[in-house]
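In case you want the letters, here they are:
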Amino acid sequence: QQQVKQSPQSLIVQKGGISIINCAYENTAFDYFPWYQQFPGKGPALLIAIRPDVSEKKEGRFTISFNKSAKQFSLHIMDSQPGDSATYFCAASNPNDYKLSFGAGTTVTVRA
Amino acid sequence: GEEVAQTPKHLVRGEGQKAKLYCAPIKGHSYVFWYQQVLKNEFKFLISFQNENVFDETGMPKERFSAKCLPNSPCSLEIQATKLEDSAVYFCASSQSTANTEAFFGQGTRLTVV
């Protein structure tokens, strides 16, 4: 069963708007939470990642919010641009085996 | 190299044929992971290596899938007697030796079984 649940499945946002993608997990052993961006025909590229000791991390227009007690984390894309149109995956891994458990992905379309 | 290199980019095999995929991890990275992406989105973990040693093989369908990472050679993932449901994109990723750090993915190999 999927260890990381991601929503929504897809979203459309206007240029300059905010895209918000949410993920939830159950396994409290997870201690590393990356977000990947994938374009068609390409491999996933790491966007930003967070560990449970911080509640928020910002890199440019991308921000991760992390709620350890709720076991939820989210990606906010500020000032969305057409070039941000891609599929975004949240993931989680634990320090025992390092393998990534991926969410099901969110396809983001930014309309100009 | 500075990127994970996967070959070939595309591979077409008839049902029952063998398929072999290759992955050269980033130089200096000790961990190699193989993932299968089906239906465009869902990622399934297959196997991981720490240097040339199998680290975790809990995701491998062992009866037909095998993998190796030998010194001074690209890592490989081999599927014997391919089935239609093996059609997917196979990604290799590598990460450094320190625990639970970022994994860098290759561009994938698209396997089509006809």
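Going by the structure above, here's the rest.
Everything in this summary refers to the structure shown in the same document. Because the structure is predicted, anything quoted here is derived from the model rather than measured.

### So, the interface of chain A and chain B
Thought 1: The interface is formed by 23 residues belonging to chain A together with 21 residues belonging to chain B.
Thought 2: Looking at the side of chain A facing chain B, the largest losses of area belong to Tyr98(A), Lys99(A) and Phe102(A), adding up to 32% of the total buried there.
Thought 3: Taken together, chain A and chain B are joined by one salt bridge.
Thought 4: The salt bridge involving Asp56(B) is made with Lys99(A); its shortest N-O contact spans 3.4 Å.
Thought 5: Linking chain A to chain B there are seven residue pairs in polar contact (both at pLDDT 80 or more).
Thought 6: For the side of chain A that touches chain B, the class distribution of residues is ten nonpolar, eight polar and five charged.

### Here we look at the sheet that holds strand E7 (residues 65-68) of chain B
All names here are of chain B.
Thought 1: The strand order across the open sheet formed by four strands is E1-E3-E8-E7, and the pairing between neighbours is antiparallel. Of all the strands in the sheet, the pair left with one neighbour each is strand E1 (5-7) and E7. Strand-to-strand, the axes of this sheet are offset by a mean angle of 15°, without reference to chain direction.
Thought 2: Here strand E3 (residues 19-24) runs beside strand E8 (residues 75-79); their pairing, made up of five bridges, is antiparallel.

How each quantity is defined
- Residues numbered from 1 in each chain as written.
- Chains lettered and ligands numbered in written order.
- Predicted model: local features only at pLDDT ≥ 70, side-chain atom pairs only at ≥ 80, totals over all residues.
- Heavy atoms only, no water.
- Contact = heavy atoms within 4.5 Å.
- Buried area = accessible area lost by both parts, 1.4 Å probe.
- Salt bridge = Lys/Arg side-chain N within 4 Å of Asp/Glu carboxyl O.
- Polar contact = N/O pair within 3.5 Å; in protein donor to acceptor, adjacent residues only side chain to side chain.
- Nonpolar A, V, L, I, M, F, W, Y, C, P; charged D, E, K, R; others polar.
- Pairing = 2+ DSSP bridges.
- Helix = DSSP H or I, 4+ residues; strand = E, 2+ residues; numbered from the N terminus.
- Axes fitted to C-alpha atoms, helices over the stretch in contact; angles between N-to-C directions.

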